[in-house]
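# Chains, contacts and geometry: an overview
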Amino acid sequence: MDAIPFRLLQLDHVVLRVRDPAAMAAFYCDVLGCNVERRVDAIGLVQLRAGNSLIDLVDVAGKLGRMGGSAPGTEGRNMDHLCLRADPFDRDAIVAYLASRGVQVGEFGRRYGAEGEGPSQYLFDPEGNLVELKGPPDEVPIDTAASNAGT
């Protein structure tokens, strides 16, 4: 069987192993606008709605979190980064807002994402995880579009 029998649609969820679930839920809800969708206290899981996707917070001290070994810290992280598409994307407004909330802001740049190349602002959550807020893709320059129309 050579053909892939499915098509990937979008990021469904990301799971973060966390030391302080309450502080992390407050950050993702109060600062980034997620909502708590579901809690499963028996295994130490809080699921946050982020648009069409979920961010799962797993308490490293809980049943599920203990399966992943030691807690993330300075010697090891629980992931590289998580990227959330933000709209509208006004970098100055975003940075001012994050600063007003005491959020550590990282580098700004143009980075490639699911929709193409576009603006991107890095920031850090309370446990040091790198979060990327991704803006819309750059528009195709008119002269490039015209020159490609004849090909």
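Structure's up top.
The present account deals with the structure reproduced in this document. (Residues numbered from 1 in each chain as written. Predicted model: local features only at pLDDT ≥ 70, side-chain atom pairs only at ≥ 80, totals over all residues. Heavy atoms only, no water.)

## Things to note about the sheet that holds strand S6 (residues 104-113)
The following threshold applies: Pairing between strands requires that DSSP locate at least two bridges from one strand to the other. A run of H or I in DSSP counts as a helix once it spans at least four residues, and a run of E counts as a strand once it spans at least two, with each numbered from the N terminus. Axis definition: a line fitted to C-alpha atoms, limited for helices to the stretch in contact. Angles are taken between N-to-C directions and run from 0 to 180 degrees.
Read across the open sheet, the 4 strands follow the order S5-S8-S7-S6; overall the sheet is mixed. A single partner strand is all that each edge strand has here, and the edge strands are strand S5 (81-85) and S6. This sheet shows a mean twist of 25 degrees between the axes of neighbouring strands, independent of strand direction. Relative to strand S7 (residues 116-124), S6 is paired through 8 bridges, and the arrangement is antiparallel. Bridge pairing links Tyr112 to Glu117 in S7.

## Overview of the layout of surface pockets
For clarity, the cut-off: Cavity: a set of points on a 1 Å grid over the protein atoms alone where a 1.4 Å probe fits but cannot get out. Pocket: an open set with protein on both sides within 12 Å along at least five of seven lines, its lining residues, like those of a cavity, having an atom within 4 Å of a point. Grid points are joined across faces, edges and corners, and a volume is the space filled by probe spheres set on the points. Ten residues, namely Ala, Val, Leu, Ile, Met, Phe, Trp, Tyr, Cys and Pro, are considered nonpolar, four, namely Asp, Glu, Lys and Arg, are considered charged, and the remaining ones, Gly among them, are considered polar.
By volume, the largest pocket amounts to about 820 Å³. If you go around the largest pocket, you meet 35 residues; those closest to its centre are Cys83, Leu84, Arg85, Ala86 and Lys134. Those elements that provide at least two residues to the lining of the largest pocket are strand S3 (45-50), strand S4 (53-59), S5, helix H3 (91-100), S6 and strand S8 (130-134). Residues of the lining of the largest pocket, tallied by class, amount to 20 nonpolar, 8 polar and 7 charged.

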